[in-house]
Amino acid sequence: MRVGLYPGTFDPVTLGHTDIIRRACSLVDRLVIGVAINRDKGPMFSLEERVAMVEAEAAPLSAATGCEIVAHPFENLLIDCARDVQAQVIIRGLRAVADFEYEFQMVGMNRKLDDTIETVFLMAEAEHQAIASKLVKEIARLGGDVSKFVAPAVNEALRARFDG
């Protein structure tokens, strides 16, 4: 069984994330969505809320692709998380050149830590390349419409957070 790990904070999960999840499913039999705890980033949504959002958005993708998708919270090194879930490949999404520079460094470090785990980069589809969770939260906080960037349930969660 080919296992992939797609890590991120997913605060919140965006259409860009779900695009990468859908496409990663064609590469692996089991996709683990590593939901980073990352207290330093100070996420807007709790770990439980982020895991629930990822699970809700991933369920239809799992049904459509036949790929088993599970959410897995983690707080340790990415490479240790990959070992924990028995992933042979780490999936990373790229939006722009700036993403590549950071990811290139991460791959180098991860290869030094464990050269048996590969990293695969998937470019976001053109319509999703500008989407970033940080920008989505800022637009929502300022009362803007984020419905083009997130699924309806995530949009509702954002509106509830800022309207209520």
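Just above, that's the structure.
Going along each chain's sequence as written, the residues are numbered from 1 onward. Owing to the predicted nature of the model, reporting of local features is limited to residues with pLDDT of at least 70; listing and counting of side-chain atom pairs is limited to 80 or more, with chain, interface and lining totals taken over all residues. Heavy atoms throughout the structure, all of them, feed into the side-chain values; hydrogens and water do not.

As for the overall build of the protein chain
Numbering of helices and strands runs from the N terminus, with a helix taken as a DSSP run of H or I at least four residues long and a strand as a DSSP run of E at least two residues long. Secondary structure assignment for the protein chain yields 6 helices and 5 strands. Element order for the protein chain, N to C, with α for helix and β for strand: β-α-β-α-β-α-β-α-β-α-α. We take the radius of gyration over the C-alpha atoms and set the globule estimate at 2.2 Å times the residue count to the 0.38 power. Compactness check: the protein chain gives a C-alpha radius of gyration of 15 Å against a globular reference of 15 Å for 164 residues, within 12% of the reference. In terms of overall dimensions, the protein chain has C-alpha extents of about 45 × 35 × 30 Å along its principal axes. Relative accessible area decides the class of each residue, using a 1.4 Å probe on protein chains only: under 20% of the type maximum gives buried, over 50% gives exposed, and in between gives partly exposed. Within the protein chain, the fraction of its 164 residues that count as buried is 44%. Contacts were defined at the residue level, with two residues in contact if any of their heavy atoms lie within 4.5 Å. Of all intrachain contacts in the protein chain linking residues separated by at least 6 positions in sequence, the fraction that spans at least 24 positions is 76%. Surface accessibility in these figures is a Shrake-Rupley result with a 1.4 Å probe; residues are shielded only by whichever protein chains are displayed. Accessible area of the protein chain: about 8800 Å², with a carbon and sulfur share of 55%. The positive charge centre, built from 18 side chains, and the negative charge centre, built from 24, are 3 Å apart in the protein chain. In this count, Lys and Arg are taken as positive residues and Asp and Glu as negative ones, while His and the chain termini are left out. Lys charges are placed at NZ, Arg charges at CZ, Asp charges at CG and Glu charges at CD.

Side note on helix α5 (residues 133-141)
Inspection of α5 places Ser133, Val136, Lys137 and Ala140 among the buried residues, and these make up the whole buried set. Within α5, the buried residues cover an arc of 95° as seen down the axis, which keeps them to one side. Of the surrounding secondary structure, the elements contacted by the buried residues of α5 are α1 (15-24) and α6 (152-163). At the C-terminal side of α5, Gly143 shows a positive phi close to 85°. Note: the arc covers the axis-to-C-beta directions of the helix.

Looking at the pairing of strand β4 (residues 89-94)
Burial within β4 is extensive, with 5 of its 6 residues counted as buried. Following DSSP output, two strands are said to pair if at least two bridges run between them. Direction of pairing for strand β1 (residues 3-8) relative to β4: parallel, over a ladder of 2 bridges. Bridge assignment links Gly4 to a residue of β4, and that residue is Val89. As judged from the 6 bridges shared by β4 and strand β5 (residues 118-123), these two strands associate in the parallel manner. If you follow Val89 over to β5, its bridge partner there is Glu118. Seen with its strands pointing away from the viewer, a crossover is right-handed if its path from the first strand over the helix to the second goes clockwise. On the question of chirality, the crossover connecting β4 to the parallel β5 by way of helix α4 (residues 97-113) is right-handed.

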